[in-house]
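Each chain, letter by letter, is given below.
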Amino acid sequence: MGFSQLHLNKNTSLQVTKTKLDSLQRAGVELMIHMCPNCHIQYDRYQPVIEKEYGVEYDMVHMNIAQFVALSMGADPRFQTHSVPLEGFLEKAGII
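Residues numbered from 1 in each chain as written. Predicted model: local features only at pLDDT ≥ 70, side-chain atom pairs only at ≥ 80, totals over all residues. Heavy atoms only, no water.

Below, the discussion takes up the confidence of the model for the chain. Looking at the chain as a whole, its pLDDT mean stands at 89, while 94% of the residues score no less than 70. Mean pLDDT values over the elements of the chain span from 68, in helix H1 (residues 3-8), up to 96, in strand E1 (residues 31-34). (pLDDT = per-residue confidence, 0-100. Helix = DSSP H or I, 4+ residues; strand = E, 2+ residues; numbered from the N terminus.)

Here you go:
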């Protein structure tokens, strides 16, 4: 029910994503690393939408695996394409 379904079944797609985010939050996940670019978009772009629509707040950030690898190799940690800000996580992790 990811990114492609967002355009066909928006409400169902967001509800399924919310259910997954709820589960991740209960498990204490702080960073979700996505192999799939569409999954990264689904979670990063729509987490704020879900938070607003459902009145919830999640304490996690999302990175694509390529961003994570680049960061681990010393790339500039100021990513500019995220809807969910990474700065708090990066500070907590001692990266910035």
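Having seen the structure, we can now continue with the description.
We now examine the nonpolar core. In this structure, Leu-14, Leu-21, Leu-24, Tyr-43, Tyr-46, Ile-50, Tyr-58 and Met-60 together form the largest nonpolar core, which totals eight residues. If you list the elements that add at least two residues to this core, you get helix H2 (10-26) and helix H3 (37-54). What Tyr-43 contacts, discounting residues up to four positions off in sequence, is Thr-17, Lys-20, Leu-21, Leu-24, His-34 and His-62. Core analysis: the second largest hydrophobic core is formed by seven residues, Val-61, Leu-71, Val-84 and Phe-89 among them. (Core = buried A, V, L, I, M, F, W, Y, C linked by side-chain atoms within 4.5 Å. Buried < 20%, exposed > 50% of the residue type's maximum accessible area, 1.4 Å probe, protein only. Contact = heavy atoms within 4.5 Å.)

Another point: the environment of His-82. Structurally, His-82 is set in the loop between helix H4 (65-72) and helix H5 (87-92). Along the sequence, His-82 and Phe-68 sit 14 residues apart, while their C-alpha atoms lie 13 Å from each other. For His-82, the contacting residues outside a window of four places in its chain are His-40, Asp-44, Arg-45, His-62, Met-63 and Gln-67. At a separation of 3.2 Å, a polar atom in the side chain of His-82 contacts the main-chain carbonyl oxygen of His-62. Of note is the side chain of His-82, whose polar atom sits 3.0 Å from the side chain of Gln-67. (Polar contact = N/O pair within 3.5 Å; in protein donor to acceptor, adjacent residues only side chain to side chain.)

In the structure shown here, the tally under the stated rule is zero aromatic pairs. Across from the ring centre of Tyr-54, 5.5 Å away, lies the NZ or CZ of Lys-18, which sits over that ring. (Phe/Tyr/Trp six-rings, centres within 6.5 Å; stacked < 30°, edge-to-face > 60°. Lys NZ or Arg CZ within 6 Å of the ring centre and 35° of its normal.)

Inspection of every chain in the model, using the stated rule, returns four salt bridges. Put simply, Lys-18 and Asp-22 hold a salt bridge, and the shortest N to O gap is 2.7 Å. On the criterion of helical spacing, the pair formed by Lys-18 and Asp-22 is a turn pair, its members being four residues apart in helix H2. Take Lys-18: its relative accessible area is 13%, and that puts it in the buried class. With a closest N to O distance of 3.3 Å, Arg-45 and Asp-44 form a salt bridge. Using a relative accessible area of 36% as the deciding quantity, one classes Arg-45 as partly exposed. (Salt bridge = Lys/Arg side-chain N within 4 Å of Asp/Glu carboxyl O.)

A few words on the packing of H2 against H3. Running from N to C, H2 and H3 cross one another at 95°; their axes reach a closest spacing of 10 Å. One element, H2, and the other, H3, form an angle in the roughly perpendicular class. The segment H2 lies against H3, with Ser-13, Leu-14, Gln-15, Thr-17, Lys-18, Lys-20, Leu-21 and Leu-24 engaging Gln-42, Tyr-43, Tyr-46, Gln-47, Val-49, Ile-50, Glu-53 and Tyr-54. Partitioned by chemical class, the residues of the contact of H2 with H3 number eight nonpolar, five polar and three charged. (Axes fitted to C-alpha atoms, helices over the stretch in contact; angles between N-to-C directions. Parallel < 35°, antiparallel > 145°, perpendicular 65-115°, else oblique. Nonpolar A, V, L, I, M, F, W, Y, C, P; charged D, E, K, R; others polar.)

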